[in-house]
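A structural walkthrough
The residues making up each chain are set out below.
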Amino acid sequence: MTRHRFSNRIVATGALAVLLLGASPAIAQTSDRAPVGLQSSSKMAQDKAGSESWTYAQPRNVFTKYRTLIVDPTAVYNGPDSQFDGGISAADRAKFAGIVTDQLRYELAKSFPAPARAQADTLRLKVTLLGAERTKGGVATATRVTPMGFGLSALKSALGKGGSFTGSVLFAVELYDARTNELLLAAVRRRHPDPLDVPATLGTEETVKAVAREFADSARKRLKDLTGVQGP
């Protein structure tokens, strides 16, 4: 009887711990919670229940004083809830991070000069790769070249969905005041290449390159909108 009661107490204590602490971060996904290892994690709110989209942003008028931008090297997330497919090695992850950094710096420099040191009007952009899904090269390409496959890909493109057998990139964006290190904006998003982008189906690296180009272009447009910067 004593052993039975002791066992029940252990079960009850374990259940209480789950209720108080939530699920273990080792198995948490971005559809359940923001990545636990991010500095901005506690500030982000989920955009829609069950989604991988999380956001935090200060009011729009906060951004209007900024005119220059420093892009940090893209980091590779090593938290317990990272989401890299098996077979994506540490070397691959570092290469993918470099691709994202290069594309962001190239694209954002069109509208936001990079100062030698932080000024009163300088933003600092930090991107972190949280995970990546592999592209099944060959198979993904084959699904685009048949009439039926092309039609399905066109439909997915119109709906903003990813293509069949093509991977994706999960990343976090954090935007700071470069002088004070105050967090101004943070977001977690998963991106796929456009399903009609055939070169992006050739392999995972090509997928990452396509995602990086699209992400950099949208980031520049979004920052121009927030800050009110004119020109290209």
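What counts and what doesn't
- Residues numbered from 1 in each chain as written.
- Predicted model: local features only at pLDDT ≥ 70, side-chain atom pairs only at ≥ 80, totals over all residues.
- Heavy atoms only, no water.
- Core = buried A, V, L, I, M, F, W, Y, C linked by side-chain atoms within 4.5 Å.
- Buried < 20%, exposed > 50% of the residue type's maximum accessible area, 1.4 Å probe, protein only.
- Helix = DSSP H or I, 4+ residues; strand = E, 2+ residues; numbered from the N terminus.
- Contact = heavy atoms within 4.5 Å.
- 1 Å grid on protein atoms, 1.4 Å probe; cavity = no way out; pocket = protein on both sides within 12 Å on 5 of 7 lines; lining within 4 Å.
- Points joined across faces, edges and corners; volume = space filled by probe spheres on them.
- Nonpolar A, V, L, I, M, F, W, Y, C, P; charged D, E, K, R; others polar.
- Polar contact = N/O pair within 3.5 Å; in protein donor to acceptor, adjacent residues only side chain to side chain.
- Salt bridge = Lys/Arg side-chain N within 4 Å of Asp/Glu carboxyl O.
- pLDDT = per-residue confidence, 0-100.
- Axes fitted to C-alpha atoms, helices over the stretch in contact; angles between N-to-C directions.
- Left-handed = near helix turned anticlockwise from the far one by under 90°.

**Observations concerning the nonpolar core**
Ranked by size, the top nonpolar core spans 33 residues in total, and within it Leu-69, Leu-104, Leu-125, Val-127, Leu-129, Leu-175 and Phe-215 carry the most contacts. Secondary structure elements with two or more residues in this core: strand S3 (68-71), helix H2 (90-108), strand S6 (122-133), strand S7 (168-177), strand S8 (183-191) and helix H5 (204-227). Element by element, the count of residues in this core is highest for H5, at eight residues. Leaving out residues up to four positions away in the same chain, Val-127 has contacts with Pro-73, Thr-74, Ala-75, Val-100, Leu-104, Phe-171, Ala-172, Val-173 and Phe-215. With 13 residues, the next largest nonpolar core counts Ala-34, Leu-38, Trp-54 and Leu-130 among its residues.

**What about the layout of surface pockets?**
Here the largest pocket is characterised by a volume of approximately 410 Å³. Lining the largest pocket are 17 residues, and of these Val-173, Leu-185, Ala-187, Phe-215 and Arg-222 sit closest to its centre. Among the elements of the structure, strand S2 (54-57), S7, S8 and H5 are those that each provide at least two residues to the lining of the largest pocket. Ranked by the residues each element gives to the lining of the largest pocket, the list is headed by H5, at six residues. Each residue belonging to the lining of the largest pocket can be placed in one class, and the counts come to eleven nonpolar, two polar and four charged.

**Describing the side chain of Ser-41**
When you line up the elements, Ser-41 lands in the loop between helix H1 (2-21) and strand S1 (45-46). Reaching out from Ser-41, the side chain makes a polar contact with the backbone oxygen of Pro-35 at a distance of 3.0 Å. Ignoring any residue separated from it by four or fewer positions in sequence, one finds Ser-41 in contact with Ala-34, Pro-35 and Val-36.

**Section: unusual backbone geometry**
Peptide bonds are trans in most cases, and residues, glycine excluded, mostly fall at negative phi. At Asn-181, a position not held by glycine, the phi torsion is positive, near 65°. Note on placement: Asn-181 falls in the loop between S7 and S8.

**Thoughts on the pattern of salt bridges**
For the coordinates displayed, the defined rule picks out twelve salt bridges. For Arg-190, the salt bridge identified is with Glu-52, shortest N-O distance 2.7 Å. Of this pair, Arg-190 sits in strand S8 while Glu-52 sits in the loop between S1 and S2, placing them 138 residues apart in sequence. Residue Glu-52 is classed as partly exposed on the basis of its relative accessible area of 25%. Here Glu-205 makes a salt bridge to Lys-95, at a shortest N to O gap of 3.4 Å.

**Side note on the environment of Lys-95**
One can find Lys-95 in helix H2. Since its relative accessible area comes to 42%, Lys-95 is described here as partly exposed. Spatially, the C-alpha atoms of Lys-95 and Glu-205 are 8.6 Å apart, while their sequence positions differ by 110 residues. Within the structure, Lys-95 has its side chain in polar contact with the side chain of Glu-205 (distance 3.4 Å).

**Overview of the confidence of the model for the chain**
For the chain, the average pLDDT comes to 79, and 72% of its residues sit at 70 or higher. Here residues 1-27 is modelled with pLDDT under 50, and outside its nearest four sequence neighbours on either side it reaches seven contacts, counting other chains as well. Across residues 138-165, where pLDDT falls below 50, the model places 43 contacts with residues more than four positions away in sequence or in other chains.

**Some remarks on the packing of H2 against H5**
Contact geometry of H2 with H5 gives a least axis separation of 9 Å together with a crossing angle of 35°. Here the hand of the crossing between H2 and H5 comes out right-handed. Of the residues in H5, those in contact with Lys-95, Phe-96, Ile-99, Val-100, Gln-103, Leu-104, Glu-107 and Leu-108 of H2 are Thr-204, Glu-205, Val-208, Lys-209, Ala-212, Arg-213, Phe-215, Ala-216, Asp-217, Ala-219, Arg-220 and Leu-223. Residues belonging to the contact of H2 with H5 are distributed by class as follows: eleven nonpolar, two polar and seven charged.

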